[in-house]
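# Examining the three-dimensional arrangement
Each chain, written out:
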Amino acid sequence: MEMTFFQVLWFFLIFLLIAGYFVLDGFDLGAGVLYPFVAKSERDKAVVRRSIGPVWDGNEVWLLTAGGALFAAFPPAYATTFSGFYLAVMLVLFGLIVRAVSVEFRGHDPQWARTWDACFFVGSLLPALLLGVAVGNIYAGIPMDAAGNYIGLPLIGLITPFTLLTGLLGLAMFLAAGATWIALKAPKPSELQARAAKLRLPLQVVALVLFAAVSLYGHFGIQPAMDPALGVLRWVFALVFVAGIVVSLVLAKKKDCDKGAFVAQSASAVALVGLLATSMFPNLVVASAGSIGPNITLMSAASSELSLMWMTIITCVGLPLVLVYHMIVYRTFRGRVSDDDLGHY
């Protein structure tokens, strides 16, 4: 079965949506996980919550859109991943819901402040870790029957040394993004800004080490079948990932370069998703050794060409509107958080 233009287009569009989520909600989740470690005073906590408060809900749209696009463009892949990862997906959703509630309630319910702070931390940690574990599974392979159904153990069957490494890599990238975001948004000079800036270096170094470990383990341990035609692109994405981290580290040491450090960190996140996409193509879900069923590919799982064509037309209209919305929101709330911004938080 030959692949078509729309099948290839939607394969990479879904990964583009995932990259958008990885960048935008990545710093939200990272800030939430770092929250109890960098925010020592009530004012510091309010600053962290305010830094993500106006944007977190819009950032999560990218995850919902990626899931919806997978459902519409490649229904069998959606069915396998969301049913096989059911408990993990529910934990991710639980975390996102708890985080949202804690952000909104924390500033209005001082009696339960410690509880909401704990919910904010846990609700950020669960998605930040489990999303990386899920990615590691679809890359390394999961046991499937002939119908494409997951036949492994619920949740526990998804945890292997490789998926733990990918989960930790994702968590490290979220934390590095959160540190760069807090350093960008916190008042300067302030102890909060200094603590966040200090954390950038070790977190980004850890991300580089984990990236090397995942790459070596994946290449020599997993040994996935990769499309040789995309070999150059894989090298480009890998080099951009490393360069983005290094540039972010260099810019972070310069005065008033927090924005450049954040942009470079975000470029690394996009490159990491691009490397994943080009490494998996044309597979959407890989069948592990011993599976009865074959890999789920973009050719075997794609919707009709008419459906993909209409999805493309709708995307050409809707995606620019979403981008305009983000531009307006981020421009409206640009700059560092001031005391006047903390009333609601």
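Our structure is the block above this text.
Criteria and cut-off values
Residue numbering note: each chain is counted from 1, following its sequence as written. For this predicted model, a pLDDT threshold of at least 70 governs which residues receive local features, and a threshold of 80 or more governs which side-chain atom pairs are given and counted, while totals over whole chains, interfaces and linings are taken from all residues. Excluded from the side-chain calculations are hydrogens and water; all other atoms, namely the structure's heavy atoms, are used. Partly exposed describes any residue whose relative accessible area lies between the buried limit of under 20% and the exposed limit of over 50%, with all areas from a 1.4 Å probe on protein chains only and scaled to the type maximum. Each helix corresponds to a stretch of at least 4 residues labelled H or I by DSSP, and each strand to a stretch of at least 2 residues labelled E; elements are numbered beginning at the N terminus. The arc in question is formed by the directions pointing from the helix axis toward the C-beta atoms. In this description, contact between two residues means that some pair of their heavy atoms is separated by no more than 4.5 Å. Each polar contact in these results corresponds to two N or O atoms within 3.5 Å; when the atoms are within protein, one needs to be able to donate a hydrogen and the other to accept it, and residues that are neighboring in sequence are counted only if both atoms are side-chain atoms. The salt bridge criterion pairs a side-chain nitrogen of Lys or Arg with a carboxyl oxygen of Asp or Glu, the two atoms within 4 Å. Only Phe, Tyr and Trp rings take part, Trp by its six-membered ring, and two of them pair if their centres are within 6.5 Å. Stacked means planes under 30 degrees apart, edge-to-face means over 60, and tilted covers everything else. In these notes, a set of buried Ala, Val, Leu, Ile, Met, Phe, Trp, Tyr and Cys residues joined through side-chain atoms within 4.5 Å is what counts as a nonpolar core.

### Points about helix H5 (residues 75-84)
Considered for burial, the residues of H5 that qualify are Ala-77, Thr-80, Thr-81 and Gly-84. On an axial view of H5, the arc spanned by its buried residues comes to 90 degrees, and they lie on one face. On its buried side, H5 packs onto helix H4 (61-73), helix H6 (86-106), helix H7 (113-140), strand S1 (283-285), strand S2 (296-297) and helix H12 (298-301).

### Digging into the side chain of Asp-145
Position of Asp-145 among the secondary structure elements: in the loop between H7 and helix H8 (161-185). Within polar-contact distance, the side chain of Asp-145 engages the backbone nitrogen of Ala-147 at 2.9 Å. A distance of 2.8 Å separates the side chain of Asp-145 from the backbone nitrogen of Asn-149, its partner in a polar contact.

### A short note on unusual backbone geometry
A cis amide bond, omega 5 degrees, links Lys-188 with the succeeding residue Pro-189. Its place among the elements puts Pro-189 in the loop between H8 and helix H9 (191-222). The residue after Phe-281, namely Pro-282, is reached through a cis peptide bond having omega 5 degrees. The topology assignment puts Pro-282 in the loop between helix H11 (258-280) and S1.

### Topic: the pattern of salt bridges
Counted by the stated rule, this structure contains ten salt bridges. Two residues, Arg-195 and Glu-191, come together in a salt bridge whose shortest N-O distance is 3.5 Å. Pair noted here: Arg-195 and Glu-191 are both in helix H9, with a separation of four residues, about one helical turn. Given the relative accessible area of 21%, Arg-195 is considered partly exposed. Between Asp-258 and Arg-200 there is a salt bridge, and its shortest N-O distance comes to 3.0 Å. With Asp-258 in helix H11 and Arg-200 in helix H9, the pair connects residues that are 58 residues apart, well separated along the chain.

### Points about the packing of aromatic side chains
In this structure the tally under the stated criterion is 18 aromatic pairs. Geometrically, the ring pair formed by Phe-5 and Phe-6 is edge-to-face, given 5.4 Å between the ring centres and 65 degrees between the ring planes. With a relative accessible area of 60%, Phe-5 lands in the exposed category. Seen in terms of ring centroids, Phe-22 and Phe-174 are 5.2 Å apart; in terms of plane orientation they differ by 90 degrees. Their pairing is edge-to-face. You can see Phe-22 sitting in helix H1 (residues 5-38) and its partner Phe-174 sitting in helix H8, a full 152 residues away along the chain. Put simply, the rings of Phe-11, Phe-12, Phe-15 and Phe-281 touch in pairs and so form one group of aromatic residues.

### So, the nonpolar core
Buried together is how nonpolar side chains tend to be arranged in soluble globular proteins. Core analysis: the biggest nonpolar cluster contains 99 residues, and Trp-10, Phe-11, Phe-27, Phe-74, Met-173, Ile-182 and Leu-284 have the highest contact counts within it. Apart from residues lying up to four places away in sequence, Trp-10 is in contact with Ala-69, Ala-73, Phe-74, Leu-308, Met-311, Thr-312 and Thr-315.

So yeah, pure geometry; function would need other evidence.
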